[in-house]
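Structural features, examined
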Amino acid sequence: MVKNILEVRDLYLYYKTYKGIVQAVDGISFNIPEGQTLGIVGESGCGKSSTANTIIRLLPKNTYKYEGSIKLNGEEITTIPMDEFRRTIRWRKVAMVFQGAMNSLNPVLKVGFQVAEPLIVHLGMDKSEALDRARQVFEKIGLTPAFLDRYPHELSGGMRQRIVIAMAMIMNPQLLILDEPTSALDVSIQAQIMNLLKSLKKEYHLSMIFITHDIALASDISDLLAVMYAGEIVEYGPIEEVLLNPQHPYAQKLIASIPRLREDKEPEFLPGNPPGLINPPKGCRFASRCPYRFEKCSEAPDLVWINGNHYVKCHLYSEGK
Amino acid sequence: MKLENLKTYYILRKGLFGRLVVKAVDGVTLEFKAGEITAVVGESGCGKTTLGRTSLKLIEPTDGKIIFEDRDITHYKGDMKWFRKKAQIIFQDPFQSLNPYHSIYEILSEPLVVLGEKDRSVIDEKIISVLNEVKMTPPEEYLTKYPHMLSGGQRQRICIARALLVDPIYLVADEPVSMIDASSRAEILTMFRNIQKERDLAVMYITHDIATTKYFSDLIAVMYAGKIVEYGPTKKVLKNPLHPYTQALIDAVPDPDPNNRFRMRPVVPGEPPNPINPPPGCRFHPRCPKRFEPCDKEEPVLKEVESGHYVACHLFK
């Protein structure tokens, strides 16, 4: 049995806004075995990015509720004081590539220095030593050392995305969170980045969380898949099972809506919109769009384990249906 | 709508020592027939948006011809209202293309008023019928709403309705679903396809997503660095892509398959060229896995390889 690098149990993150309380992450649970990648998919505003922010503990000022358990290598990290978290966990053990990060590089600093900076700040290395390490990481991600001395404006989008990945990799993290790392890139560049991530995963046995709205893209790298809807994970399991034999009606519909280039299947569609997260419906959040709804759906469903590592949050599968 | 050898250059800088010219669209010939959707596919910066806008004369062409209903309008300078009634555009971003201070009724009545309709009852009737057409039902409910009260998909329906109001015969749809959630994309495109068939519209569907062209286009034109590299019926092109760039574009798109993770995706190295200074010969040759000696010298021209299937590549003589 492979040990889990990350175990998340009943994680909540609510924001307080002037309109009310936003239930961005509402009691989610999942595991990631070491060396594997979890793909988190869902529509915009379903809480994917909030989940990532919770794990790396980047909580906004208006956080209303932050609860649950996150265990990294068996160690509870939600209760660690902020100071220590910053010193020992963030970037060192868990690193993140943010959405659109390639556009937030500092335009007046050479990218080599920007990549090396965490070493100087966190480990107190001197500059030349840190740049040396940066050079090694550049090699890992397929950039020649000449790029160390470039400025961000001299680089294309794909190159900048590599730089951002290098920044996340420089401290040798155990877990890498990628939030829509390719959504701003063209397909041919996207394929290059995906190949890079695959080789990092294989060579360094890196565990990852890959967040995207594109299920086909998630299938390119993930071993596990979690489908999120309105702040909840409605289905989670090995990608073979979730993708090929989805159980939750939302997961079924979402997967059927992907246009496929190599198969003759008309994409289906899912009418309606996801509920707001400020006052989500009491029962199952998907009930209003669900073709299979019945009376029980007005109550919130519990997790139903289907087999081993696969669960679904739907009354269709609960006992005594 | 016919485009003949259309060129659109942007002048970046003029100076004593010459000027920098971006060749956004560099010699494109395409024809759009009623009842057909032609997908223009390519990566960002390949000139597809410029091509769409030039065809509507939103950007002045540098060279070539724009022929609309057998009339050469390339250098037409007079009143464009008759043309605007027949040729319309749907923009990419429904969040930025609707005036937030106008209600849906105001947004939809404006094109009719501008184009000379004075009778309020005619305007109201048209708005209601077009809202029904884009499945915003019941339409009366939406008239008083403002854009911020609608979801992305609903806003894009409003944008489509606005373009349809004046009963155009030619439509440019510039990435109409790239800003919309995955689960509503297929819905919007299916609806659009039905309307297009019913109205017998000629459509230029600009997209970077080659997977959607399979279902929502009749013809496909693949653009690279300002030129069309392959053109033909969608089914043929996707099944049997001839140009190495088209092949790479198709290879780069993943289908949902758990086995994907065990294999590397075939990729072309490098990035699209700078349109200021495109490489000599075939513009794809520095990235092409199949290049041979004429590729860096001679520019290939679009040739018909099979009936209706054109490709610009030296591999096909």
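A brief report on the enclosed structure follows.

In this section: the sheet that holds strand 5 (residues 75-76) of chain A. All names here are of chain A. Spatially, four strands are ordered 2-1-4-5 in an open sheet, and the strand pairing comes out antiparallel. Each edge of the sheet is formed by a strand with only one pairing partner; in this case those strands are strand 2 (20-33) and strand 5. Relative to strand 4 (residues 63-72), strand 1 (residues 4-17) runs antiparallel, the two sharing eight bridges. Bridge pairing in strand 4 links tyrosine 15 to threonine 63. Taken strand by strand, helix 1 (residues 48-55) contacts strand 1, strand 2 and strand 4, and its axis lies near 70 degrees from that of strand 2.

Residue and element names in this part refer to chain B. Look at the link from threonine 137 to proline 138: it is a cis peptide, with omega at -10 degrees. With respect to the helices and strands, the residue proline 138 is situated in the loop between helix 4 (120-133) and helix 5 (139-143). A positive phi angle is found at lysine 135, which is not glycine, with a value near 60 degrees. Turning to its location among the elements, lysine 135 is positioned in the loop between helix 4 and helix 5. Since 16 C-beta atoms lie within 10 Å of it, lysine 135 is described here as partly exposed. Positive phi is not limited to glycine here, since glutamate 175 has a value of about 45 degrees. Note on placement: glutamate 175 falls in the loop between strand 7 (170-174) and helix 7 (182-199). Of the residues examined, glutamate 175 has 19 C-beta atoms within 10 Å and is grouped as partly exposed.

Now for the interface of chain B and chain A. With 34 residues of chain B in contact, the opposing surface of chain A contributes 44 residues. Within the residue set of the side of chain B that touches chain A, elements represented by two or more residues are helix 7, helix 8 (210-216) and helix 10 (244-251) of chain B. Broken down by element, the residue count for the side of chain B that touches chain A peaks at six residues, all from helix 7 of chain B. The residue inventory of the side of chain B that touches chain A, partitioned by class, reads 17 nonpolar, eight polar and nine charged.

This next bit is on the sheet that holds strand 10 (residues 232-238) of chain A. All names here are of chain A. Ordered in space as 6-7-8-3-9-10-12-11, the eight strands form an open sheet in which the pairing is mixed. Across the chains shown, the open sheet's two edge strands, defined by having one partner strand only, are strand 6 (94-97) and strand 11 (304-307). Averaged over all pairs of adjacent strands, the angle between their axes in this sheet comes to 20 degrees, without regard to strand direction. Taken together, the five bridges between strand 3 (residues 37-41) and strand 8 (residues 207-212) define a ladder with parallel strand orientation. Within strand 8, the position partnered with glycine 39 by the bridge is phenylalanine 210.

All names here are of chain A. Close contact between helix 3 (residues 111-123) and helix 4 (residues 127-140) brings their axes to 8 Å; oriented N to C, the two are set at 120 degrees. Classified by chirality, the crossing of helix 4 by helix 3 is right-handed. Contacts between helix 3 and helix 4 pair Gly112, Val115, Ala116, Leu119 and Ile120 from the former with Lys127, Ala130, Leu131, Arg133, Ala134 and Val137 from the latter. When grouped by side-chain class, the residues that make up the contact of helix 3 with helix 4 number eight nonpolar, one polar and two charged.

Turning our eyes to something else, we now look at the nonpolar core. With 182 residues, the main nonpolar core has A:Ile177, A:Ile209, A:Ala226, A:Val227 and B:Val222 as its most contacted residues. In this structure A:Ile177 touches A:Ala52, A:Ile55, A:Ile56, A:Val94, A:Met96 and A:Ile209, once residues within four positions along its chain are discounted.

About the cut-offs
- Residues numbered from 1 in each chain as written.
- Chains lettered and ligands numbered in written order.
- Predicted model: local features only at pLDDT ≥ 70, side-chain atom pairs only at ≥ 80, totals over all residues.
- Pairing = 2+ DSSP bridges.
- Helix = DSSP H or I, 4+ residues; strand = E, 2+ residues; numbered from the N terminus.
- Contact = placed C-beta atoms within 7 Å.
- Axes fitted to C-alpha atoms, helices over the stretch in contact; angles between N-to-C directions.
- Buried ≥ 20, exposed ≤ 12 C-beta atoms within 10 Å, placed from the backbone.
- Nonpolar A, V, L, I, M, F, W, Y, C, P; charged D, E, K, R; others polar.
- Left-handed = near helix turned anticlockwise from the far one by under 90°.
- Core = buried A, V, L, I, M, F, W, Y, C linked by C-beta atoms within 7 Å.

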